[in-house]
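# What the coordinates show
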Amino acid sequence: MNYEYFIARRIIAGKVYKSSISAPIIKIGIAAIAIGIVVMMIAIATGIGLQQKIRDKVVAFNGHITIANYDSNNSQESVVAISRDQEFYPEFKAVEGITHIQAVATKLGVIRTEDDFEGAILKGVGADYDWRFFRDFLVAGKLPDYSDKRNEEVLISQYLANRLKFKPGDRFQMVFAKTDLNKPPSIITYHIVGLYNSGFQDFDATYIIGDIRHIQRLNRWEEHQVGNFEVFIHDYRELEQKGIEIYRETPSNLNTQTVADKYYSIFEWIKIFDANIYGIIGIMILIAGINMITALLVLILERTQMIGILKALGSSNWSIRKLFLYNASYLIVLGLLWGNLFGLGLLFLQKYFKLFPLDPNVYYVTEAPVYINLGYILALNVGTMIMCLVMLLIPTYVITKISPVKAIRFE
């Protein structure tokens, strides 16, 4: 029989234990574990959630990897056309892990109304466009359809709609300058079929989604000519590697650029979240461990006579230390249970009811996104348990210094 575990259970179940001097200190230790696990869970869930949400929004407008012509243009406008007739299009079979590739083009223009105007980029897309991300962004109306003949349907952001007082069903004129500035600009009347809101104001204030065939006509391109290709991959963690592989499999006159390189400052900023998460985890485990050390020391001092009797009966120092570690494990598990209950409760409330909003001008999202995954929750609980028990080995060393004779006489 594991007598250390048996004695530890009797101590935990005893009424004297619950009404002893150490009771409030033990409750503080349990509370510290619970609060620590709640804070760590929220830090991980919101940190990873923000990273994924911001990353997905940038990817929605650019793809994971862009394939385009070499040129010195920095205006985000497609200037040098490339042929759609490529070996890697419409399926990139030479590289594994590619989920989709689509042809797009962009054109700078000015939205003109009776009393206002606004600069924007028309992003031309075709029948091959993946609407998965914009389906989630859609807040009013419907998504445009470019699978048939050329049409004037466009999807604009709620931000632009509010600024220009547009709504689904409205029409507006967009003016495009020609290469020869002496010639009058081209004007196209577009029909708004839907509004989107990505929460990423930098993009919402910039992009209008329209038919790529309008840009081909404005630039006097052939039907097979496009501005660039957007490539989507299965696993973002392989972005850098897939970028290299795609570059090797494309013609020498084409360049590739990953979304992390194109928007370097944004992706470097979200990497800081990792350091914040690790810092919070370290601090919370340290605080919880110190509280448990204090509680365990009080328990040891409170049961000094019992330790002396056990030593007199022949128990080894390690056996007695195990007894108190069993006791501490119970307290840690209790704290973890309460912490998981409150932590997961808060995360699910935020996930489904959006209780805590964020400033989109700062965080690029309108509410704190949460990422809930069984893997990191289990790892967090097991890691906290192990780290706390390792830290508790230090105070149990005090038991080895207790003399049986003096302990039995201890009052």
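Preceding block: the structure.
Residues numbered from 1 in each chain as written. Predicted model: local features only at pLDDT ≥ 70, side-chain atom pairs only at ≥ 80, totals over all residues. Heavy atoms only, no water.

### A closer look at unusual backbone geometry
For the peptide bond that leads from Tyr-89 to Pro-90, omega is 10 degrees, which places it in the cis range. Mapped onto the elements of the fold, Pro-90 is located in the loop between strand 2 (82-83) and strand 3 (98-112). Residue Lys-165 is not a glycine yet carries a positive backbone phi of 60 degrees. Within the fold, Lys-165 resides in the loop between helix 5 (158-164) and strand 7 (171-176). Although it is not a glycine, Arg-220 adopts a positive phi angle of roughly 60 degrees. With respect to the secondary-structure elements, Arg-220 resides in the loop between helix 7 (212-218) and strand 10 (225-226). Given a relative accessible area of 72%, Arg-220 falls into the exposed group. (Helix = DSSP H or I, 4+ residues; strand = E, 2+ residues; numbered from the N terminus. Buried < 20%, exposed > 50% of the residue type's maximum accessible area, 1.4 Å probe, protein only.)

### What to know about the environment of Val-370
By secondary structure assignment, the location of Val-370 is in the loop between helix 13 (360-363) and helix 14 (374-396). Among residues more than four places away in sequence, those in contact with Val-370 are Ala-45, Thr-46, Gly-49, Leu-347, Gln-350 and Lys-351. (Contact = heavy atoms within 4.5 Å.)

### As for the pairing of strand 6 (residues 153-157)
The buried fraction of strand 6 is high, at 5 of 5 residues. The alternating pattern of strand 6 places Glu-153, Leu-155 and Ser-157 on one face and Val-154 and Ile-156 on the opposite face, and all of these are buried. Two strands pair when backbone bridges link them, and strand 6 and strand 8 (residues 186-196) are joined in this way by 5 bridges, in the parallel orientation. Bridge pairing links Val-154 to Ile-192 in strand 8. (Pairing = 2+ DSSP bridges.)

### Examining the environment of Tyr-207
With respect to the secondary-structure elements, Tyr-207 resides in strand 9 (residues 207-211). For the pair formed by Tyr-207 and Val-175, sequence separation is 32 residues and the distance between their alpha carbons is 15 Å. Dropping the residues within four chain positions of it, Tyr-207 is found in contact with Phe-61, Asn-62, Gln-76, Ile-121, Lys-123, Leu-160, Tyr-196 and Tyr-263.

### Remarks on the pattern of salt bridges
What the rule picks out here adds up to 10 salt bridges. For Asp-170, the salt bridge is made with Lys-167, and the minimal N-O distance between the two is 3.3 Å. A salt bridge links Arg-213 to Asp-211; the nearest nitrogen and oxygen atoms lie 2.8 Å apart. Residue classification places Asp-211 among the buried residues on the basis of a relative accessible area of 0%. One network of salt bridges, in which partners are shared, links Glu-238, Lys-242 and Glu-245. (Salt bridge = Lys/Arg side-chain N within 4 Å of Asp/Glu carboxyl O.)

### Details of the packing of helix 12 (residues 317-353) against helix 14
Close contact between helix 12 and helix 14 brings their axes to 9 Å; oriented N to C, the two are set at 150 degrees. Crossing handedness for the pair helix 12 and helix 14: right-handed. In this structure, helix 12 contributes Trp-318, Arg-321, Leu-325, Ala-328, Ser-329, Ile-332, Val-333, Leu-336, Asn-340, Leu-344 and Leu-347 to the contact, and helix 14 contributes Tyr-376, Ile-377, Asn-381, Thr-384, Met-385, Cys-388, Leu-389, Leu-392, Leu-393 and Thr-396. Across the contact of helix 12 with helix 14, the residue classes tally to 15 nonpolar, 5 polar and 1 charged. (Axes fitted to C-alpha atoms, helices over the stretch in contact; angles between N-to-C directions. Left-handed = near helix turned anticlockwise from the far one by under 90°. Nonpolar A, V, L, I, M, F, W, Y, C, P; charged D, E, K, R; others polar.)

### Overview of the nonpolar core
Looking at soluble globular proteins, one finds that nonpolar side chains tend to be buried together. In terms of nonpolar packing, the biggest core is built from 71 residues, with Phe-134, Ile-156, Phe-172, Met-174, Ile-208 and Phe-229 touching the most fellow members. Excluding residues that lie within four positions of it along the chain, Ile-208 makes contacts with Ile-111, Ala-120, Ile-121, Leu-122, Lys-123, Val-154, Leu-155, Ile-156, Leu-160, Phe-172 and Met-174. Ranked by size, the runner-up nonpolar core spans 40 residues in total, among them Met-41, Met-292, Ile-377 and Leu-380. (Core = buried A, V, L, I, M, F, W, Y, C linked by side-chain atoms within 4.5 Å.)

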